[in-house]
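Fold and contact review
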Amino acid sequence: MTSYSGISTTGSVSDVGEANKEAKKLYKRKFLSSSVHIWKSKISWRITLSAFMTILLVQTCILNFSSMHRFETQKLDELRESGHSFIVPLVNLKKVDMYTSPLEEMSLGRLFLLTRLRGVTVYGSGLTDDSLVLIKSYGEMPVTTLFDQNNVRKTYRSADYGRYEFVSTVPSPSGTFYMVVRMDSSHVQGQLFDFVMQTILIMLLMSAFVTTVLMIALGHWLLEPILFIRSSLQEAARNPEDPDLPESPFDPNDEIGGAIDIAHNLIRQNAVNLKHIKSAAEDKIHKLAYYDTLTGLPNRILFLQSLAERAREGGEAKASRFAVVALDLDHFKDINDSMGHNIGDAILRGVGRRLRAAMPETAVVSRSGEDEYFIMMPLSGDVVSARDVAERVMDVVRAEPFMVFNESFQVRASVGVSTFPDDGTDPDQVLKNADIALNRAKEEGRDIIKEYSEDFDRAVQQRFQMLRDLRDAMEHDQLELFYQPQFDLKSGALIGAEALLRWWKPDNSKEGGSFISPGVFIPVAEQSGLIVPIGQWVMREACEMVKSWKDEHGVDIRIAVNVSASQFIQSDICGFTQQLLDEVGLPAHKLELEVTESVFMDDIQHTIQTLQNLHAIGVELAIDDFGTGYSSLSYLRQFPIDRLKIDQSFIRNALNDQDDASIARTIIALGRALGLKVIAEGVESIEHEKFLTKEGCDEVQGFRYSRPVPAGDFIEFAKNYNGKLSSFSS
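It should be emphasised that the depicted structure is a prediction, and the values quoted were computed from it without experimental measurement.

Concerning the packing of aromatic side chains
The full count for this structure, using the stated rule, is 18 aromatic pairs. Geometrically, the ring pair formed by Phe71 and Phe195 is stacked, given 4.4 Å between the ring centres and 5° between the ring planes. With Phe71 in helix 3 (residues 42-87) and Phe195 in helix 5 (residues 186-238), the pair connects residues that are 124 residues apart, well separated along the chain. Residue classification places Phe71 among the buried positions, given a relative accessible area of 15%.

What follows is the structure in structure tokens.
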């Protein structure tokens, strides 16, 4: 038995032999022309060229460094021997006079014509020293000159390789004759060229032969196994989970065959692993797609599927009734913000466990959002109404506090409930209706149960339509600003105006449209977040208008703009205000921002920082509707406020209600004590004015002086005003 990476194979010897035979047949079919596969391979060509060039380079180096020089030297030696053999027979040794040439001139002439001999210069040795004496020259004059016996070994080759000179010695009884022989060597270069060409041809043939032999060996022992394993890898890439691998025809006992065997086993093991991973991944994906990761409860998708299945169970004859409960934890964001998400997550898991434990197996408990749960429960037996289910759910949450890290947390919840098929035959619609009921429960104070009513749906549709109309109003310039003047109560001077938003909605009536009350569309804008761009438009429009009044009409007043909670908290109101004032060119103190005191108390630290930044810009700040909220006087001292604005409800009832009168007096006294200006809105009569004058109020506005009017009417009012509040008595 052999084993690689956990994959083992067993079988008899005969079975293994048959398998090997079949594998070899398959291999021969797939690689019938292995040489064709090898020579088509890019790596084969790289190896071939590398081997060929290496062998060729080695032979070229041998040729350059030894063979050419040796061949040339051999040919020159042969030329020297032949020249020497030409000269020696012509020497007459009977002449013993060392100053007379021993050569026969006539014979030399024939040699010059018939052989490569071109010239001879004869030197004789001196009598007293080693110096040589020039005796006579024949034929072409050689370049080599002999002075003594020490330079007789000199040779000379002309620049064009056409002439070769050497020294030949002939001994005689009287001494030695030295002859400089000049030979025609032009043929040597041709012979050398032929030698080089023959050598190159032999080198190419030898390189090709050696390379071919090498490639055949490499192809059989290396490239064919590589192509085989490449084919296996390609098959594994095409079908990684179930590759069709042929049996290896290579010996598993050598290095390459063993490597192929291991590779095949790894491919098979990878296929097994992929199947396991795919199965686990599908399970994980299913869990992520249909279950909440924090609580392990079904998510909204699976909950909707369960609703649909439950709705189909009764068939067309009689649909089974079930309740759908939507539950939202009240003020859960405060827990996360104050205690941290670890505490919040623990509470969410605890709520999920309680709900699951308290509901029967037939019920489906789901977590659909951060702090929202859905419960579906069949209505049968003791539980006959959706409200019964809702009350059970509410009791589960209220039963006892949640203990997290030895701390106790009392959690409350708002609950909305609807019934299938009473409140809808479509599961999606029933779930939507439960959501609508939940939203109504949160709007009406939280910690209550609301059963779905068609009136809720109509209210939602009306709100949605209002939001669509409001968006259209912004796009089609249906919004405009009205302005209500503000006066200094002591001097009577017109000191400012409050910008108030109005919406003229066109329709098909005789009047062509009607004004929509701000009390109707402002809450919709705040809930949708549309109040932020609307508020920025109001601020820009008001600043541009008051700047134009100053530039065009000489009316220099401040403008008061209401800032919503969303605009104050969510937007970069400081940056926007600074940029707006710079663009419009309005002095900062000519803009007053009014924020209700309830907005101030949502986040004290953020409020203080924002107010300080706005105060640093130079704009004036006012608390609007002061006295109707729950401001803390200790925090009020930290706010850089310029003005308190008494809510109009206190002023209107001050003459008839002692409590409202007392509140107005207290606010005025408080403003004086804190060094703040106090402005009263809702002044409708001379009696209101006298009351405020007596109590020391600083500024006023109200119907006694003017209703909010369009910009054109306001500037006419400002230009015609005589500066006396008494003029409004008539």
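A closer look at the pattern of salt bridges
For the coordinates displayed, the defined rule picks out 39 salt bridges. For Arg387, the salt bridge is made with Glu451, and the minimal N-O distance between the two is 3.7 Å. Taken together, the residues Arg387 in helix 10 (residues 386-398) and Glu451 in strand 14 (residues 449-451) connect sequence positions 64 residues apart. Judged by its relative accessible area of 30%, Arg387 falls in the partly exposed class. Of the charged contacts, one joins Arg704 and Glu689 as a salt bridge, the two residues approaching to 2.7 Å between their closest N and O atoms. With a gap of 15 residues between them, Arg704 in the loop between strand 23 (699-701) and strand 24 (709-710) and Glu689 in helix 22 (residues 686-695) connect regions that are remote in the sequence. Through salt bridges that share partners, Arg116, Arg118, Glu140, Arg163, Glu165, Arg182 and Asp184 make up one connected network.

A look at the pairing of strand 21 (residues 643-646)
With burial as the criterion, each face of strand 21 is covered, one bearing Arg643 and Lys645 and the other bearing Leu644 and Ile646. Of the pairings in the sheet, the one linking strand 20 (residues 620-626) to strand 21 comprises three bridges and is parallel in character. Considered in strand 21, the bridge of Ala622 is made with Arg643.

Things to note about the packing of helix 16 (residues 573-584) against helix 18 (residues 604-617)
The geometry of helix 16 relative to helix 18 is characterised by a closest axis approach of 9 Å and an angle of 15° between their N-to-C directions. Taken as axis vectors, helix 16 and helix 18 run roughly parallel relative to one another. Helix 16 and helix 18 meet at a crossing whose hand is right-handed. From helix 16, Ile573, Cys574, Thr577, Gln578 and Leu581 reach across to helix 18, where they touch Thr610, Asn613, Leu614 and Ile617. Grouping the constituent residues of the contact of helix 16 with helix 18 by class yields five nonpolar, four polar and no charged.

A look at the sheet that holds strand 8 (residues 322-329)
Within a sheet, each strand pairs with its neighbour through backbone hydrogen bonds, oriented either parallel or antiparallel. One open sheet accounts for five strands, arranged 9-10-8-13-14; its pairing is mixed. What marks the edges here is a single partner per strand, and that holds for strand 9 (364-367) and strand 14. Ignoring strand direction, the axes of neighbouring strands in this sheet form an average angle of 20°. As defined by bridge partners, strand 8 adjoins strand 10 (residues 372-378) across seven bridges and the pair is classed as antiparallel. Its bridge partner lying in strand 10, Leu327 is registered against Tyr373. Packed onto the sheet, helix 9 (residues 341-358) meets strand 8, strand 9 and strand 10 and runs at close to 5° relative to strand 10. Contacts between helix 10 and the sheet are confined to strand 8, strand 10, strand 13 (413-420) and strand 14, with strand 13 contributing the most and set at about 155° to the helix.

Concerning the nonpolar core
In this structure, Tyr483, Trp549, Leu593 and Leu692 are the most contacted members of the largest nonpolar core, which totals 84 residues. At 10 residues, the largest contribution of residues to this core is made by helix 14 (residues 531-553).

Quick word on unusual backbone geometry
Most peptide bonds are trans, and most residues other than glycine sit at a negative phi. The omega angle of the peptide bond from Phe420 to Pro421 is 5°, so this bond is cis rather than trans. Tracing the backbone shows Pro421 in the loop between strand 13 and helix 11 (427-443). Phi angles above zero are rare outside glycine, and Phe405 is one such case at about 50°. Along the chain, Phe405 turns up in the loop between strand 11 (402-404) and strand 12 (407-409). Of note, Asp477 is a non-glycine position whose phi angle comes to about 55°, a positive value. Position of Asp477 relative to the elements: it lies in the loop between helix 12 (454-475) and strand 15 (479-488).

Concerning the sheet that holds strand 7 (residues 175-184)
The strand order 4-3-7-6-5 describes an open sheet built from five strands, whose pairing is antiparallel. Both outer strands of the open sheet, strand 4 (132-139) and strand 5 (156-157), are each paired with one neighbouring strand and no more. Examined bridge by bridge, strand 3 (residues 117-125) and strand 7 share seven bridges and lie antiparallel to one another. For Val122, the partnering residue across the bridge sits in strand 7 and is Met179.

Remarks on the side chain of Arg643
Mapped onto the elements of the fold, Arg643 is located in strand 21. Polar side-chain contacts of Arg643 include one of 2.9 Å to the side chain of Glu699. Setting aside residues up to four positions removed in sequence, Arg643 forms contacts with Arg558, Glu592, Glu620, Leu621, Ala622, Ile623, Lys677, Ile679 and Glu699.

A few points about the environment of Ala358
You can see Ala358 is positioned in helix 9. C-alpha separation for the pair Ala358 and Asp395, spaced 37 residues apart in sequence, amounts to 9.9 Å. Leave out the neighbours within four places in its chain, and Ala358 touches Arg392 and Val396.

Quick look at the layout of surface pockets
Its volume calculated, the largest pocket comes out at about 890 Å³. Glu498, Leu500, Pro518, Asn562 and Asp624 are the residues nearest the centre of the largest pocket, which is lined by 36 residues in total. Mapped onto the lining of the largest pocket, the elements with two or more residues apiece are strand 16 (494-506), helix 13 (518-528), helix 14, strand 18 (558-562), helix 15 (565-569), strand 19 (591-596), strand 20 and helix 20 (648-652). Per-element accounting of the lining of the largest pocket gives the leading share, five residues, to strand 16. Residues of the lining of the largest pocket, tallied by class, amount to 15 nonpolar, 11 polar and 10 charged.

Definitions and limits used
Residues numbered from 1 in each chain as written. Predicted model: local features only at pLDDT ≥ 70, side-chain atom pairs only at ≥ 80, totals over all residues. Heavy atoms only, no water. Phe/Tyr/Trp six-rings, centres within 6.5 Å; stacked < 30°, edge-to-face > 60°. Helix = DSSP H or I, 4+ residues; strand = E, 2+ residues; numbered from the N terminus. Buried < 20%, exposed > 50% of the residue type's maximum accessible area, 1.4 Å probe, protein only. Salt bridge = Lys/Arg side-chain N within 4 Å of Asp/Glu carboxyl O. Pairing = 2+ DSSP bridges. Axes fitted to C-alpha atoms, helices over the stretch in contact; angles between N-to-C directions. Parallel < 35°, antiparallel > 145°, perpendicular 65-115°, else oblique. Left-handed = near helix turned anticlockwise from the far one by under 90°. Contact = heavy atoms within 4.5 Å. Nonpolar A, V, L, I, M, F, W, Y, C, P; charged D, E, K, R; others polar. Core = buried A, V, L, I, M, F, W, Y, C linked by side-chain atoms within 4.5 Å. Polar contact = N/O pair within 3.5 Å; in protein donor to acceptor, adjacent residues only side chain to side chain. 1 Å grid on protein atoms, 1.4 Å probe; cavity = no way out; pocket = protein on both sides within 12 Å on 5 of 7 lines; lining within 4 Å. Points joined across faces, edges and corners; volume = space filled by probe spheres on them.

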